[in-house]
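Chains, contacts and geometry: an overview
Listed below, chain by chain, are the residues.
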Amino acid sequence: MKLPENESADAVLRKLDEQYQKYKYMEVNLAQKKLRLKSQIPQIKQTLEILRHMQKKKETTEPMQTHFLLADNVYCKASVPPTDKVCLWLGANVMLEYDIDEAQALLEKNLSTASRNLDSLEDDLDFLRDQFTTTEVNMARVYNWDVKRRSKENQRKAVES
């Protein structure tokens, strides 16, 4: 309040509210990232599990019977011959062929990165929650200080009249 740019309690409250809105915006973005990572991690784990199963089966000569997802809740039965190559969907309409070992290494790296990013996001969200609380308390203090100041000013005016 003692800074020159803080000419009134309303100006300070506006600045604090602006800061609060920025924190809210950041929280929404981080929450979206968190949801995306939480859905990605199980998919990566499932793909790793499938790769491990394919690695075991690549030594045999008989084809592997499986069902694969065509669309939401629509599966198709397939017979997959033993292979040492797999195609991974990387996103952005990009699919690449990898050796099973390379694909497994890539997915394990992606899983550790995603887990690390999720932990980091949790820390960031905790920090933001602390900032929410601090900003809300500061807003309440400034508002209460202004109410008391106006009350004293009104009492002083009433005594002078």
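Quick notes on the rules
- Residues numbered from 1 in each chain as written.
- Predicted model: local features only at pLDDT ≥ 70, side-chain atom pairs only at ≥ 80, totals over all residues.
- Heavy atoms only, no water.
- Helix = DSSP H or I, 4+ residues; strand = E, 2+ residues; numbered from the N terminus.
- Rg over C-alpha atoms; globule rule 2.2 N^0.38 Å.
- Buried < 20%, exposed > 50% of the residue type's maximum accessible area, 1.4 Å probe, protein only.
- Areas by Shrake-Rupley, 256 points an atom, 1.4 Å probe, with all protein chains shown as cover.
- Lys, Arg positive; Asp, Glu negative; His and termini not counted.
- Charge placed at Lys NZ, Arg CZ, Asp CG, Glu CD.
- Salt bridge = Lys/Arg side-chain N within 4 Å of Asp/Glu carboxyl O.

Quick word on the overall build of the chain
A count of helical and extended segments in the chain gives two helices and four strands. Ordering the α and β elements of the chain from the N terminus gives α-β-β-β-β-α. By the compact-globule yardstick of 15 Å for 161 residues, the chain is too spread out, its C-alpha radius of gyration being 29 Å. Based on the C-alpha atoms only, the size of the chain along its principal axes is roughly 105 × 30 × 25 Å. Counting over 161 residues, the chain shows a buried share of 22%. Accessible surface, the chain: about 12,200 Å² in total, of which carbon and sulfur atoms supply 53%. Taking the 26 positively charged and 26 negatively charged side chains of the chain as two groups, their mean positions are separated by 6 Å.

So, the environment of Lys 24
For Lys 24, the location among the structural elements is in helix 1 (residues 9-57). Take Lys 24: its relative accessible area is 32%, and that puts it in the partly exposed class.

Quick look at the pattern of salt bridges
Tallying each qualifying case throughout the model produces 11 salt bridges. Linking Arg 52 and Glu 108 is a salt bridge whose minimum nitrogen-to-oxygen distance equals 3.6 Å. Separated by 56 residues along the polypeptide, Arg 52 in helix 1 and Glu 108 in helix 2 (residues 100-160) bring together distant segments of the chain. Arg 52 gets classed as partly exposed once you look at its relative accessible area, which sits at 39%. Looking at Glu 108, the relative accessible area reads 38%, which means it is partly exposed. We note a salt bridge from Arg 156 to Glu 160, for which the minimum N-O separation is 3.5 Å. Here Arg 156 and its partner Glu 160 are both found in helix 2, four residues apart, which amounts to about one turn of the helix.

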